[in-house]
Amino acid sequence: MRNSQDAFLLRYRYRNGQLQAGIPLWRVEDAPHRRVGWLPSGTEVSYWSLPDGRDPRSLPLEERFRADLTTSRRVWSGSDVLRVLFHDRPYQVLHFWTHGVFTHWYVNFETPGQWTGRVIESRDWHLDLCIDLNGDAMWKDEDEAAVAVEQGQLAADELQLARATGESIASDVDRWLADIGDWRNFIPHSDWLALTLPQAWETAT
């Protein structure tokens, strides 16, 4: 990664331990209880894929987790994203803007991050929660998470914990925001350009 002292790596694994994704992020905040990173559009990432490079979501849902899943490099083509990560909570929070205007929060449920130096490792739980500016929450990918449990990619108790945590968040969004931090007015440094995934991202520490 360029300017490695100012960046860190978020790395995901499948339930069997194989690599699923690698995402380099600019370091916004590094505190004992949370780490905050900025993902610019155009950043090179590695993301879950089929052996031929296709997105697993191109397969019918009932086939998705029976396929040979791997990871492959691609460019993050979505909008810039701020990610707030914790080492002791079963989720991270993504913040989205459109043309500089904040639009929504996206709660990605996952195993609490394992922090080792400049790397955070986690495992995605396939269930997400979208929260709009009015504080209204909507579940996302419930069907995928259910199939992930049926096909052994996700434990039933992990899905149960994700649902309970999401319901707690949705019940009092203002309290939750006071807890995770309000980043709606965040402005990134002008020199935080798209990052490059290092060649040795699989073993980086």
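Reference entry: report on the structure contained in this document. (Residues numbered from 1 in each chain as written. Predicted model: local features only at pLDDT ≥ 70, side-chain atom pairs only at ≥ 80, totals over all residues. Heavy atoms only, no water.)

## What to know about the packing of aromatic side chains
Next up, step 1: Considering all chains together, one arrives at 12 aromatic pairs under this definition.
Next up, step 2: Taken together, a centroid distance of 6.2 Å and an interplanar angle of 75° make the contact between Phe96 and Tyr106 edge-to-face. Residue Phe96 is found in strand S7 (residues 91-98), and its partner Tyr106 is found in strand S8 (residues 101-110); the two are separated by 10 residues along the sequence. The pair formed by Phe96 and Tyr106 is uniform in burial state, with each residue classed as buried.
Next up, step 3: Members of the aromatic cluster, joined through ring pairs, are Trp26, Trp38, Trp97, Phe102, Trp105, Trp183, Phe186 and Trp192.
Next up, step 4: A cation sits over an aromatic face here: Arg35 above Trp115, 4.9 Å from the ring centre.
Next up, step 5: Between the NZ or CZ atom of Arg89 and the centre of the ring of Phe86, over which it lies, the distance is 4.3 Å. (Phe/Tyr/Trp six-rings, centres within 6.5 Å; stacked < 30°, edge-to-face > 60°. Helix = DSSP H or I, 4+ residues; strand = E, 2+ residues; numbered from the N terminus. Buried < 20%, exposed > 50% of the residue type's maximum accessible area, 1.4 Å probe, protein only. Lys NZ or Arg CZ within 6 Å of the ring centre and 35° of its normal.)

## Let's talk about the environment of Pro32
Next up, step 1: Mapping Pro32 onto the fold places it in the loop between strand S2 (19-30) and strand S3 (34-39).
Next up, step 2: Taking the C-alpha atoms as reference points, Pro32 and His87, separated by 55 residues in sequence, lie 8.8 Å from one another.
Next up, step 3: Residue contacts for Pro32: discarding those within four places in its chain leaves His87 and Trp115. (Contact = heavy atoms within 4.5 Å.)

## Overview of the packing of helix H3 (residues 156-171) against helix H4 (residues 173-180)
Next up, step 1: Running from N to C, H3 and H4 point in directions that differ by 105°, and their axes come no closer than 5 Å. Compared by their axis directions, H3 and H4 come out roughly perpendicular. Contacts between H3 and H4 pair Ser168, Ile169, Ala170 and Ser171 from the former with Val173, Arg175 and Trp176 from the latter.
Next up, step 2: Of the residues assigned to the contact of H3 with H4, the class counts are four nonpolar, two polar and one charged. (Axes fitted to C-alpha atoms, helices over the stretch in contact; angles between N-to-C directions. Parallel < 35°, antiparallel > 145°, perpendicular 65-115°, else oblique. Nonpolar A, V, L, I, M, F, W, Y, C, P; charged D, E, K, R; others polar.)

## Considerations on the nonpolar core
Next up, step 1: Residues Leu82, Tyr91, Val93, Val107, Phe109, Ile131 and Trp176 are the most contacted members of the largest nonpolar core, which totals 40 residues.
Next up, step 2: When neighbours within four sequence positions are excluded, Trp176 is seen to be in contact with Tyr91, Val93, Trp105, Val107, Ile131 and Ile169.
Next up, step 3: Within the second largest apolar cluster, 16 residues are counted, among which are Leu10, Ala21, Leu39 and Trp76. (Core = buried A, V, L, I, M, F, W, Y, C linked by side-chain atoms within 4.5 Å.)

## A look at the pairing of strand S1 (residues 7-13)
Next up, step 1: Counting buried positions along S1 yields six of seven residues, so the element is predominantly enclosed.
Next up, step 2: In this sheet, S2 lies alongside S1 in antiparallel orientation, the contact comprising seven bridges. Residue Arg11 lies in a different strand from S2, and its bridge partner there is Gly22.
Next up, step 3: Linkage of S1 to S2, two consecutive antiparallel strands, is achieved through a turn of five residues, within which Gly17 is found at a positive phi near 95°.
Next up, step 4: In this structure, S1 lies alongside strand S10 (residues 119-122), joined through four bridges in parallel fashion. Directly across from Leu10, in S10, lies its bridge partner Ile120. (Pairing = 2+ DSSP bridges.)

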